[in-house]
Amino acid sequence: MLWLPMKVLGLVLPVLLMLVPPAMAVEFKGQNIDDRKLPARAYYYATGGVYKVQVRFHHKRATIYFDNGNQITIQLNQEAIADSNNIEGFGKLGQYPLSRTFSVGLMYENNWLGSSDSQFQQSNPLDGLWKISLE
């Protein structure tokens with residue numbers, strides 16, 4: 001009786017693996033730049049703040065590392081980077097993007113970005129939108 005579930009698994013598993021899209025690497029000028037920590041500047045649209053950071057790309061995500069030890073992972077708008085001064089993505093502190101629509105994590109106050117509480121009491125359509133410029 002144990003052979004039946006194993007046989008079904010043997011038939012279903014290859015089909016499931018074919019349905020999963022292959023992971024693509026972030027490219028700039030035809031070169032794979034995944035998993036390299038690069039110096040950059042990050043612009044946060046919600047506050048207008050510009051931060052000297054390091055960024056590490058991985059598939060269609062970028063993790064931004066701030067000097068104060070904070071980091072944020074954003075979902076990139078594209079995998080092929082055409083302009084190293086205009087790499088846009090979306091993400092919030094404490095959130096890890098699972099897809100273009102969903103993320104998981106904890107909610108944090110945005111005071112670490114140098115903003116006041118009153119700025120974020122209202123919904124800001126630019127909250128979470130970042131632009132990265134590689135140096």
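First, a word on scope: everything that follows refers to the structure included in this document. Only a predicted model underlies this, so the values are computations on that prediction, with no experimental measurement involved.

**Observations regarding the pattern of salt bridges**
Alright, step 1. Inspection of every chain in the model, using the stated rule, returns 1 salt bridge.
Alright, step 2. For Glu 135, the salt bridge goes to Arg 41, with nearest N and O atoms at 3.2 Å. Here Glu 135 is found in the segment after β11 (129–134), whereas its partner Arg 41 is found in strand β3 (residues 37–44), with 94 residues between them in sequence.
Alright, step 3. Take Glu 135: its relative accessible area is 52%, and that puts it in the exposed class.

**Things to note about the packing of aromatic side chains**
Alright, step 1. Taken as a whole, this structure holds 5 aromatic pairs when the rule is applied.
Alright, step 2. Ring plane angle 80° and centroid distance 5.7 Å describe the contact between Tyr 51 and Phe 66, whose orientation is recorded as edge-to-face. Of this pair, Tyr 51 sits in strand β4 (residues 49–58) while Phe 66 is found in strand β5 (residues 61–66), placing the two residues 15 residues apart along the sequence. Across the pair, exposure class does not vary: Tyr 51 and Phe 66 are buried alike.
Alright, step 3. Judged by centre distance (6.4 Å) and plane angle (55°), the ring pair of Tyr 51 and Trp 130 falls under tilted. Residue Tyr 51 is found in strand β4, and its partner Trp 130 is found in strand β11; the two are separated by 79 residues along the sequence.

Cut-offs applied
- Residues numbered from 1 in each chain as written.
- Predicted model: local features only at pLDDT ≥ 70, side-chain atom pairs only at ≥ 80, totals over all residues.
- Heavy atoms only, no water.
- Salt bridge = Lys/Arg side-chain N within 4 Å of Asp/Glu carboxyl O.
- Helix = DSSP H or I, 4+ residues; strand = E, 2+ residues; numbered from the N terminus.
- Buried < 20%, exposed > 50% of the residue type's maximum accessible area, 1.4 Å probe, protein only.
- Phe/Tyr/Trp six-rings, centres within 6.5 Å; stacked < 30°, edge-to-face > 60°.

Just distances and angles here, no functional claims.
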